[in-house]
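Here is what each chain is made of, one letter per residue.
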There are 2 protein chains.
Amino acid sequence: MPKLSRSKQDYLKALYALGPEGEAVVTSRLALRLAVSPPSVTHMLGQLAAQRLVTHAPRAGARLTAKGRREAVEMVRRHRILETFLVRVLGFDWSEVHDDAEILEHHISDRVLEAIDRLMGHPAEDPHGHPIPDRRGRVRRRDLEPLSSLRRGARATVREIRDADGPRMARWKQTGLVPGAQVRVREVRALDDVFEIEVGGKRVVTGSEGLEGLMVESAKGGPRGQ
Amino acid sequence: MPKLSRSKQDYLKALYALGPEGEAVVTSRLALRLAVSPPSVTHMLGQLAAQRLVTHAPRAGARLTAKGRREAVEMVRRHRILETFLVRVLGFDWSEVHDDAEILEHHISDRVLEAIDRLMGHPAEDPHGHPIPDRRGRVRRRDLEPLSSLRRGARATVREIRDADGPRMARWKQTGLVPGAQVRVREVRALDDVFEIEVGGKRVVTGSEGLEGLMVESAKGGPRGQ
DNA sequence: CGCCAGGTTTAGTCTAGTCTAAGTATTCAT
DNA sequence: ATGAATACTTAGACTAGACTAAACCTGGCG
């Protein structure tokens, strides 16, 4: 089994991000995500299919096989361990570690990865709140929803930051929107797209656009508690 | 100025290793070192010359320009910082860190490299005893000689381990031949190539072959004056 | 003084991954 | 039902970096 090229690893990762359970993903969506032309995607899917990492029916999109998913989850594990390392050990801010992890995940050997993981005591979550798959590829799944989908009065806990845009994450961090933060929705105005929430006693007003990627866990007991 | 490809970085590093002060290095020597065919070397030297990183006169070999040497020293710095990190922080043995550093040196960003360097307090030497160039590319030069060149009765201190062969380094380490170790030459028999030395009170007998790459600093006042 | 052996360079090919241009299939609206 | 818009695939070409085969110096020896 030849080791996968960086490019192939990237395709599998993208496929996993867009269809984690083996849902079909169409060419253009993949092309967009990987910043590559559609023909390149078709071409690469052909190769991945030949290696039984995906199935590819013309015009019906591609889906990960079990084998392909294993590879993808492995990359996710690497990425998250590296981000955690960059933050916890090297002291970077979690808003600025994505790109370095993105490169290193392809080049670090298993032994170095495991040594880093051991050094940190096998963390279960990365700095953005994402669960880190274990060595056997199992991912703890949680039931989260976008903060922007909450209704007025709802309370919730921020769990994950799904984004790769540094400045935006830095802004969230500054306003207290970090994993673990308690939030309450004070006002939702669909008309002019205004979202007003309370984070640790502070009021924050924004458009729903500004919350894209913030995933929360709803507080039990419904929107009218306490 | 486009960043250099991994391959180009490797060529420059090899050129530096074989002719650190800009001495001419012939095609075949480079080909051997890089495990690549001679035509590949000629081809690549053409490109490096076009970028003013080397000068290349047909059949006279190539030599690094100042610019090329800067790049090469930068790679050496990266390599040595990474090896130090793998040993000091991740707990690897110095006999087994070369290969990982070899890959990572090409892919780690400046900011991560500097963060690692800071974390370790800007070490001056790597685990094999090699000086780490500073950020401006200055290398502290020392006056060392091969252990195998010492004469009977000479005393010296081991300073550098110039090798990339893991098992061999592990053997040295086990017999106490590590940077800083004091050695005394008890016997040299050129005829049957036997070298008998004393390391920390222990006697070690070997062929001169088995000492290739061990660099020492002669003790002052010893039999090997000047 | 010439010629052979060696290493060096030229020439042409291969692979992986990308691209653009053009062709084909599907879907949607009239 | 048919044509237009959209999306996917095919075809062909480019790049970097490697390779092999063959041509080309050049130096040493007869």
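Note that the coordinates shown come from a computational prediction; the quantities given were computed from them, not determined experimentally. (Residues numbered from 1 in each chain as written. Chains lettered and ligands numbered in written order. Predicted model: local features only at pLDDT ≥ 70, side-chain atom pairs only at ≥ 80, totals over all residues. Heavy atoms only, no water.)

Description of the overall build of chain A
Piece 1. For chain A, the helix and strand inventory stands at seven helices and eight strands.
Piece 2. Taken over C-alpha atoms, the radius of gyration comes to 19 Å for chain A, in line with the 17 Å a tight globule of 226 residues would show.
Piece 3. The principal-axis extents of the C-alpha atoms in chain A amount to approximately 60 × 45 × 30 Å.
Piece 4. When the 226 residues of chain A are sorted by exposure, 45% land in the buried category.
Piece 5. Of the contacts formed within chain A by residues at least 6 apart in sequence, a portion of 62% connects residues at least 24 apart.
Piece 6. Surface exposure of chain A reaches about 11900 Å², of which carbon and sulfur atoms provide 50%.
Piece 7. Averaging the positions of the 39 positive and the 31 negative side-chain charges in chain A gives two centres separated by 4 Å. (Helix = DSSP H or I, 4+ residues; strand = E, 2+ residues; numbered from the N terminus. Rg over C-alpha atoms; globule rule 2.2 N^0.38 Å. Buried < 20%, exposed > 50% of the residue type's maximum accessible area, 1.4 Å probe, protein only. Contact = heavy atoms within 4.5 Å. Areas by Shrake-Rupley, 256 points an atom, 1.4 Å probe, with all protein chains shown as cover. Lys, Arg positive; Asp, Glu negative; His and termini not counted. Charge placed at Lys NZ, Arg CZ, Asp CG, Glu CD.)

Let's talk about the interface of chain B and chain A
Piece 1. Contact residues are listed per partner, giving 17 residues for chain B and 17 residues for chain A.
Piece 2. Summed over both partners, the interface of chain B with chain A comes to about 1500 Å²; 66% of that surface belongs to carbon and sulfur atoms.
Piece 3. By the criterion of area lost to chain A, the three top residues of chain B are Leu90, His107 and Arg111 of chain B, representing 35% of everything that side buries.
Piece 4. At the junction of chain B and chain A, the tally comes to four salt bridges.
Piece 5. The partner of Arg111 of chain B in a salt bridge is Asp100 of chain A, with the nearest N and O atoms 2.4 Å apart.
Piece 6. Counting across the chain B and chain A interface gives seven residue pairs in polar contact (both at pLDDT 80 or more).
Piece 7. Residue assignment for the side of chain B that touches chain A shows that the elements contributing at least two residues are helix H4 (66-88), helix H5 (98-104) and helix H6 (110-119) of chain B.
Piece 8. In terms of residue class, the side of chain B that touches chain A is made up of 12 nonpolar, two polar and three charged. (Buried area = accessible area lost by both parts, 1.4 Å probe. Salt bridge = Lys/Arg side-chain N within 4 Å of Asp/Glu carboxyl O. Polar contact = N/O pair within 3.5 Å; in protein donor to acceptor, adjacent residues only side chain to side chain. Nonpolar A, V, L, I, M, F, W, Y, C, P; charged D, E, K, R; others polar.)

A few points about the protein's contact with DNA strand C
Piece 1. Among the 21 residues in the neighbourhood of DNA strand C, the closest are listed as Ser5, Ser37 and Ser40 of chain A together with Ser28 and Arg59 of chain B.
Piece 2. If you look at DNA strand C and keep only atoms within 4 Å of the protein, 75% of those are sugar or phosphate atoms.
Piece 3. Interatomic distance of 3.1 Å between a side-chain N/O atom of Thr42 of chain B and a phosphate oxygen of DNA strand C.
Piece 4. Elements with a minimum of two residues in the surface near DNA strand C: helix H1 (6-18) and helix H3 (38-50) of chain A together with helix H2 (27-34) and helix H3 (38-50) of chain B.
Piece 5. Ranked by residue count, the leading element in the surface near DNA strand C is H3 of chain A, at five residues.
Piece 6. Counted by class, the surface near DNA strand C contains eight nonpolar, 10 polar and three charged residues. (Near = heavy atom within 4 Å.)

A word on the sheet that holds strand S6 (residues 194-199) of chain B
Residue and element names in this part refer to chain B.
Piece 1. The six strands are arranged S3-S8-S4-S5-S6-S7 in an open sheet whose pairing can be described as antiparallel. The open sheet has two free edges, formed respectively by strand S3 (145-146) and strand S7 (202-206), since each of these has just one partner strand.
Piece 2. In this structure, strand S4 (residues 155-161) lies alongside strand S5 (residues 182-189), joined through three bridges in antiparallel fashion. Note on S5: the bridge partner recorded for Arg155 is Arg184. (Pairing = 2+ DSSP bridges.)

Some points on the UniProt feature "domain: HTH dtxR-type" (unreviewed entry) in chain A
Piece 1. In this structure's numbering, the residues bearing the UniProt feature "domain: HTH dtxR-type" (unreviewed entry) are residues 4-65 of chain A.
Piece 2. End-to-end, the C-alpha atoms of residues 4-65 of chain A are 15 Å apart, and along that stretch the chain is 55% helix and 13% strand. (UniProt positions renumbered as here; feature names shortened; annotations may be inferred.)

Here's the deal with the sheet that holds strand S3 (residues 145-146) of chain A
All names here are of chain A.
Piece 1. Read from one edge of the open sheet, six strands run S3-S8-S4-S5-S6-S7, paired in antiparallel fashion. The strands lining the two open edges of the sheet, one partner per strand, are S3 and strand S7 (202-206).
Piece 2. Sheet topology places strand S5 (residues 182-189) next to strand S6 (residues 194-199); six bridges connect them, and they run antiparallel. Counted as the bridge partner of Glu187 is Glu196 from S6.
Piece 3. Here helix H7 (residues 166-175) sits on the sheet and contacts strand S4 (155-161), S6, S7 and strand S8 (214-218); the angle it forms with S7, its principal contact strand, is near 150°. (Axes fitted to C-alpha atoms, helices over the stretch in contact; angles between N-to-C directions.)

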